[in-house]
Amino acid sequence: MEKKVRVRFAPSPTGGLHLGGVRTVLYNYLFAKQLGGEFILRIEDTDQTRFVPGAEEYIQECLAWCGLTPDESPLHGGPYAPYRQSERKEMYRQYAEQLVAQGNAYYAFDTPEELDEMRVKFKTEENTSPQYNLQVRNKMRNSLTLSQGEVKQLLAEGVPYVVRIKMPENETISFTDMIRGDVEFNSSLVDDKVLLKGDGMPTYHLAVVVDDYSMKITHAFRGEEWLPSAPVHILLWKYLGWYKEMPQWAHLPLIMKPDGHGKLSKRDGDRLGFPVFAMNWTDPKTNELTTGFRELGFLPEAFINMLAVLGWNDGTEQELFTIDELIERFSMEKVHKGGAKFDFEKAKWFNHEWIKRTPATAFKPQVKKLFEENNIQVEDEAKFEQVLETVKERCTLLPDFVQQASFFFKAPQTLDVASVKPKWNEDKARFFDIVCEKFTVLEDWTASGIETLFKETATEKAIKVGELQLPFRIMLVGGKFGPTVFDIAALIGKVETIDRIKYALTQF
RNA sequence: GGAGCGUUGGUCAAGGGGUUAAGACACCUCCCUUUCACGGAGGAAUCACGGGUUCGAUUCCCGUACGCUCUACCA
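Each value, and the rule that gives it
- Residues numbered from 1 in each chain as written.
- Chains lettered and ligands numbered in written order.
- Predicted model: local features only at pLDDT ≥ 70, side-chain atom pairs only at ≥ 80, totals over all residues.
- Heavy atoms only, no water.
- Helix = DSSP H or I, 4+ residues; strand = E, 2+ residues; numbered from the N terminus.
- Rg over C-alpha atoms; globule rule 2.2 N^0.38 Å.
- Buried < 20%, exposed > 50% of the residue type's maximum accessible area, 1.4 Å probe, protein only.
- Contact = heavy atoms within 4.5 Å.
- Areas by Shrake-Rupley, 256 points an atom, 1.4 Å probe, with all protein chains shown as cover.
- Lys, Arg positive; Asp, Glu negative; His and termini not counted.
- Charge placed at Lys NZ, Arg CZ, Asp CG, Glu CD.
- Near = heavy atom within 4 Å.
- Polar contact = N/O pair within 3.5 Å; in protein donor to acceptor, adjacent residues only side chain to side chain.
- Nonpolar A, V, L, I, M, F, W, Y, C, P; charged D, E, K, R; others polar.
- Domains from an automatic or database assignment.
- Pairing = 2+ DSSP bridges.
- Right-handed = clockwise from strand over helix to strand, strands pointing away.
- Axes fitted to C-alpha atoms, helices over the stretch in contact; angles between N-to-C directions.
- Salt bridge = Lys/Arg side-chain N within 4 Å of Asp/Glu carboxyl O.
- Core = buried A, V, L, I, M, F, W, Y, C linked by side-chain atoms within 4.5 Å.

### Structural notes on the overall build of chain A
Step number 1: Each helix and strand in chain A was counted, giving 20 helices and 13 strands.
Step number 2: Relative to a compact globule of 508 residues, whose C-alpha radius of gyration would be 23 Å, chain A shows 32 Å and is clearly more extended.
Step number 3: Each of the three principal axes of chain A carries a C-alpha extent, and together these read 110 × 50 × 40 Å.
Step number 4: Counting over 508 residues, chain A shows a buried share of 52%.
Step number 5: Of all intrachain contacts in chain A linking residues separated by at least 6 positions in sequence, the fraction that spans at least 24 positions is 71%.
Step number 6: For chain A, the accessible surface area stands at approximately 23,900 Å², while carbon and sulfur atoms represent 49% of it.
Step number 7: Each charge class in chain A was averaged separately, 63 positive and 75 negative side chains, and the resulting centres sit 2 Å apart.

Structure below.
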């Protein structure tokens, strides 16, 4: 019987959740759900110096907004709790000691100053950043160079130390990446990474394998930036005796900045004017607020859809996918190998498409809140919904609704008189007087009824309908925007329509 | 410097030994519409470069260039 699929997303709670992070969550989630597996959220908070209060709750909220709820997490709990590495501290030390006992790792007593010294001492033209590896470890203070007695003594004295992995000489370490195929490394070229830090906390390298093992993770997906340290992880799985349980790896391509080169960062968003975080994030230290996709007015469906196809494509022409379709079609093998530059215009296009295809009831609450913030009162819920339906095809972001729809509930404060004035004349003013009179007695107050009457009257007065539509629009909405004028008139009602015309006539 | 990974129009990308090399976003032109949007028609690539292999390579192999990631007691 096949093992039950279990995947995990393991962020550090250090700040806002980045686009790339959400995409990693998404691919994990899609993969798990497709195979009837479980998706776990694990918090990697082993670096106490980088801990940011609120970041963990923020991540949970982002996942909830995206609809990518984990099956197990610090919040939900689960059979492999705890899901916070800081709460699993003791279990890592045991394995670090095991590795030392087996001769696969060693104690290193070098101080940070000594390490800095080493880095300048061994720096050469050919080796600009010397590493703590099989050559230099013989020249440092560790349990490989010190006598047993000295080591014991140091340990007894409580001198701080770290545990480093002892990389073997000239071995080929290889594995099959689900996206990249076979990848090979020569062990001599990999450094002796720290496994257990001076404060007793594990580094990522130790923690990720211990936790993936103990949580029975079957597939491990992470960003491409982890590829160079993969050999360390592979070796750890071997040394700990768990190699047959090792998850299948996939290293996801990076999301790059739109201009120039490099990984997309929060600063690029600030600089180029688009969000990088899923939701608003306020740095608790500086109080600096970074706008997120949610608050900018993205629908979670659109956000997810956009991210899914940034680096993945099912081979057909389809671009718009529901989450269920994504679950059905997703395949790790079809994920692109190269990084993708983020295109905010395309992201907005996805949102526009999703607003068009989503029933207004779904985003009505958010839009209503936006209206309230702009002092526009909505009493008639049914009308509100109808209005949203009729204007949604011209809204890209949720806040666009306030410009596109507020005039349905509130007469325009200012009229774009300048757009009417040049072609305005007495005949046209007369036309609107007459139209008002006819409106008063019009029984069929529907868009088509109004349109018919309006056009008939125009014909009678021998004025081109086209020349009257723009003034009519300005009268009703105040500017050159909004849906078809007759639809607007029908929705705001007879009395309001006539009022607005009468008022506008005093302004033209 | 080293290691690893990557490279199809401006961007996201399909495809894959023989094709007119899909599609989408953006951009430009036009149509529709005297608002905006939608919708419709049209416009751009000798598939990084150089060698092979082959009857034939954008597709396979090898180099080169370029880019990215890593090179912390951060993840």
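### Let's talk about the environment of L453
Step number 1: Note that L453 resides in helix 17 (residues 447–461).
Step number 2: Classification of L453 by relative accessible area gives buried; the value is 11%.
Step number 3: With 293 residues separating them along the chain, L453 and P160 place their C-alpha atoms 89 Å apart.
Step number 4: Look past the residues within four positions of L453 in its chain and what remains in contact with it is K438, F439 and L442.

### Quick look at the protein's contact with RNA strand B
Step number 1: Taken together, 69 residues sit near RNA strand B, with E126, K197, E319, R394 and G482 positioned nearest.
Step number 2: A distance of 2.6 Å separates a base oxygen of RNA strand B from a polar backbone atom of G198.
Step number 3: Listing elements by their share of the surface near RNA strand B, those giving two or more residues are helix 4 (112–121), strand 4 (162–165), strand 6 (181–186), strand 13 (340–341), helix 12 (344–357) and helix 18 (465–477).
Step number 4: Ranked by residues supplied to the surface near RNA strand B, first place goes to helix 12 with five residues.
Step number 5: Looking at the surface near RNA strand B residue by residue, the classes come out as 20 nonpolar, 20 polar and 29 charged.

### Regarding the domain arrangement of chain A
Step number 1: Domain boundaries in chain A define domain 1 (87–252), domain 2 (359–406) and domain 3 (417–507).
Step number 2: Placing a centre on the C-alpha atoms of domain 1 and another on those of domain 3 gives a separation of 77 Å.

### Details of the pairing of strand 1 (residues 6–9)
Step number 1: Of the two faces of strand 1, the one holding R6 and R8 and the one holding V7 and F9 are both buried throughout.
Step number 2: Relative to strand 2 (residues 38–41), strand 1 is paired through four bridges, and the arrangement is parallel. Within strand 2, the position partnered with V7 by the bridge is F39.
Step number 3: In this fold, strand 1 hands off to helix 1 (residues 19–34), which returns the chain to strand 2; that crossover is right-handed.

### Concerning the sheet that holds strand 7 (residues 194–196)
Step number 1: Read from one edge to the other, the open sheet built from three strands follows the order 3-4-7, with strand pairing classed as antiparallel. Two strands in the sheet have a free side with no partner beyond their single neighbour: strand 3 (105–108) and strand 7. The mean inter-strand angle of the sheet, taken between neighbouring strand axes irrespective of direction, is 45°.
Step number 2: Pairing of strand 4 with strand 7, which is carried by two bridges, proceeds in the antiparallel orientation. Looking at the pairing, V163 lines up with L196 of strand 7.

### Overview of the environment of D177
Step number 1: Considering the arrangement of structural elements, one finds D177 in strand 5 (residues 172–177).
Step number 2: Taking the relative accessible area as the measure of exposure, D177 reaches 2% and is therefore buried.
Step number 3: Beyond its immediate sequence surroundings of up to four residues, D177 is in contact with V183, L227, W249, A250 and H251.
Step number 4: A distance of 2.8 Å separates a polar side-chain atom of D177 from the backbone nitrogen of I179.

### Here's the deal with the pattern of salt bridges
Step number 1: Tallied over the entire structure, the rule returns 39 salt bridges.
Step number 2: Of the charged contacts in the structure, one is a salt bridge between E245 and K3, with a shortest N-O distance of 4.0 Å. Residue E245 is found in the loop between helix 7 (230–239) and strand 9 (248–252), and its partner K3 is found in the segment before strand 1; the two are separated by 242 residues along the sequence.
Step number 3: Judged by relative accessible area, E245 falls into the partly exposed class, the value being 32%.

### Examining the nonpolar core
Step number 1: Ranked by size, the top nonpolar core spans 60 residues in total, and within it L19, Y27, F293, F303, M306, M332 and F342 carry the most contacts.
Step number 2: Of all the elements in the fold, those that place two or more residues in this core are strand 1, helix 1, strand 2, helix 2 (55–66), strand 9, helix 10 (300–308), helix 11 (323–329) and helix 12.
Step number 3: For this core, the element with the highest residue contribution is helix 1, accounting for nine residues.
Step number 4: The contacts of F293, once residues within four sequence positions are left out, are L19, W65, P275, V276, F277, A278, M279, F298, F303, M306, F342 and F344.
Step number 5: Counting 58 residues, the second largest nonpolar core, distinct from the first, contains A302, I376, F454 and I492.

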